[in-house]
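Here's the letter readout for the chains.
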Protein chains: 2
Amino acid sequence: MYERFFKNFNSKVNLSKEEQDVIQNFLTPKKLRKKQYLLQDGDPCKFLAFVEIGALRSYSIDEKGNEHIIQFALENWTISDLYSFLTDEPSIYNIDALEDSELVLISKTAHEELLLKVPKYETYTRLQLTGAYIAMQKRLTSIIGSSLEERYANFNALYPDIVQRVPQHMIASFMGLQPETLSRIRRKIATKK
Amino acid sequence: MYERFFKNFNSKVNLSKEEQDVIQNFLTPKKLRKKQYLLQDGDPCKFLAFVEIGALRSYSIDEKGNEHIIQFALENWTISDLYSFLTDEPSIYNIDALEDSELVLISKTAHEELLLKVPKYETYTRLQLTGAYIAMQKRLTSIIGSSLEERYANFNALYPDIVQRVPQHMIASFMGLQPETLSRIRRKIATKK
């Protein structure tokens with residue numbers, strides 16, 4: 001239990017046995033079956049969710065009912081709505097499971113207490129945020145500065161696991177494209193090879 | 001000197017006089033005239049730059065010579081290429097001054113020593129990153145989920161200072177649009193009013 005969570009944590013900041021025990025007391029395991037929700041829009045996001053096993057996505061739904069995927073999360077990734085988590089405002093996102101999943105949840109109270117009690121938890125949080133910020137900056141640079149083919153090629157290179165495990169129409173949504181546009185790009189890339 | 005920097009810092013984490021003195025020793029002031037570079041692509045980004053006075057932008061240049069603006073920074077904002085700063089890899093971005101500017105630089109060595117010596121500096125870094133991450137997530141949600149008019153209206157509402165101080169063609173670039181497209185959207189919005 002919590003195996004991947006602590007492996008990931010220790011790869012960033014090395015914990016003593018005592019520190020690990022303190023942190024473990026603040027964690028909550030959670031299982032989701034495929035298609036179950038972890039968060040529904042309108043509710044505040046009350047946790048940071050680390051993926052031990054499985055795959056999730058966060059997305060918004062616009063006035064016309066279209067889904068816009070913000071993030072995928074596979075093993076070792078953390079998913080949440082950070083803005084809602086920090087402000088208690090209702091979230092504009094949904095998070096649901098794309099596969100049967102096992103998560104490690106850190107509630108807001110747990111997060112705040114851990115920041116006070118375990119200095120290494122603050123370091124871990126800073127490093128997690130840094131990684132998330134850099135990943136998002138790369139995605140943004142790719143969206144505003146690259147052709148569609150380059151964007152899809154980048155995505156394939158960066159996230160081969162997602163391409164294998166997630167339906168194509170969701171990858172199109174993540175890239176802000178119509179599914180037909182993505183199919184056209186994939187054909188174009190396949191022809192070039 | 002460093003007035004806005006410490007006001008911003010204290011608004012996030014309150015420093016004692018002693019802590020402020022320690023931090024101040026690690027800061028470097030820097031002045032840039034309009035159009036001068038703080039960073040050129042190909043060089044590693046060696047600092048975090050806080051804006052005391054002025055306006056800067058970071059941008060990439062694609063193969064065709066087109067500029068793609070990633071970020072603007074006015075007073076109280078921090079600008080850098082975090083990926084390059086942390087990895088020492090050459091940056092793919094340029095940062096230059098849009099107005100005569102006064103900056104507070106934190107070098108990589110200073111950043112690392114401050115993280116070790118001043119626990120509140122780590123908290124400050126975490127909070128800065130959180131704010132930057134949330135701002136970028138909002139921008140991404142807006143890019144992939146909203147109409148162009150909504151995106152421009154959001155940008156206007158969130159960053160009225162930038163709209164006033166930065167040329168329209170740069171705002172178009174920041175939004176990933178051709179300048180003509182932005183002009184068309186602005187006319188459309190003006191007609192509706």
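Residues numbered from 1 in each chain as written. Chains lettered and ligands numbered in written order. Predicted model: local features only at pLDDT ≥ 70, side-chain atom pairs only at ≥ 80, totals over all residues. Heavy atoms only, no water.

### Some thoughts on the sheet that holds strand β1 (residues 28–32) of chain B
All names here are of chain B. Test applied: Whether two strands pair comes down to DSSP finding at least two bridges between them. Counting from the N terminus, the helices are the DSSP runs of H or I reaching at least four residues and the strands are the DSSP runs of E reaching at least two. The contact definition used throughout considers only heavy atoms, calling two residues in contact when any of these lie within 4.5 Å. Think of each axis as a best-fit line through the C-alpha atoms, taken over the contacting stretch in the case of a helix, with angles from 0 to 180 degrees between the N-to-C directions.
Ordered in space as β1-β8-β3-β6, the four strands form an open sheet in which the pairing is antiparallel. Looking at strand neighbours, the two that pair on one side only are β1 and β6 (78–79), the edges of this open sheet. Summarising the sheet, strand β3 (residues 47–53) and strand β8 (residues 101–107) pair through six bridges and their orientation is antiparallel. The partner of Val 51 across the bridge, within β8, is Leu 103. Across the sheet, helix α4 (residues 108–117) is in contact with β3 and β8; its angle to β8 comes to roughly 60°.

### A word on the pattern of salt bridges
Short version of the rule: In the sections that follow, a salt bridge refers to a side-chain nitrogen of Lys or Arg positioned within 4 Å of a carboxyl oxygen of Asp or Glu. Exposure is judged per residue with a 1.4 Å probe applied to protein chains only, and the accessible area is read against the type maximum: over 50% gives exposed, under 20% gives buried, and values in between give partly exposed.
Within this structure, the stated rule accounts for 20 salt bridges over all chains. As a salt-bridge pair, Lys 188 of chain A and Glu 149 of chain A come within 3.2 Å of each other at their nearest N and O atoms. Placement of the pair is Lys 188 of chain A in helix α9 (residues 179–192) and Glu 149 of chain A in helix α6 (residues 148–158), with a sequence separation of 39 residues. For Arg 57 of chain B, the salt bridge identified is with Asp 96 of chain B, shortest N-O distance 2.9 Å. Here the residue Arg 57 of chain B occupies a position in strand β4 (residues 56–61), and Asp 96 of chain B occupies one in strand β7 (residues 94–97), the gap between them amounting to 39 residues. For the pair Arg 57 of chain B and Asp 96 of chain B, a shared accessibility class is recorded, and that class is buried. Among the charged side chains, a network of salt bridges with common partners joins Arg 57, Glu 67 and Asp 96 of chain A.

### Let's talk about the packing of aromatic side chains
Rules: A pair of Phe, Tyr and Trp rings is counted when the ring centres sit within 6.5 Å of each other, with Trp represented by its six-membered ring. The angle between the planes then sorts it: under 30 degrees is stacked, over 60 is edge-to-face, the rest tilted. Remark: a charge is flagged as sitting over a ring if the NZ atom of Lys or the CZ atom of Arg is within 6 Å of the ring centre and within 35 degrees of the ring normal.
Inspection of the entire model under this criterion finds 20 aromatic pairs over all chains. Relative to Tyr 159 of chain A, the ring of Phe 155 of chain A lies with its centre 5.5 Å away and its plane at 55°, an arrangement referred to as tilted. Judged by centre distance (6.1 Å) and plane angle (40°), the rings of Tyr 121 of chain B and Tyr 124 of chain B are tilted. Of this pair, Tyr 121 of chain B and Tyr 124 of chain B are both found in helix α5 (residues 119–145), three residues apart, which corresponds to roughly one turn of the helix. Of the two residues, Tyr 121 of chain B and Tyr 124 of chain B, neither departs from the other in class, the shared state being buried. For the cation-ring pair, Lys 138 of chain A lies above Tyr 83 of chain B, with the distance from its terminal atom to the ring centre recorded as 4.5 Å.

### Side note on the environment of Lys 7 of chain B
Residue and element names in this part refer to chain B. Within the fold, Lys 7 resides in helix α1 (residues 3–12). Judged by its relative accessible area of 65%, Lys 7 is exposed. In this structure the C-alpha to C-alpha distance between Lys 7 and Met 175, which are 168 residues apart in sequence, comes to 31 Å.

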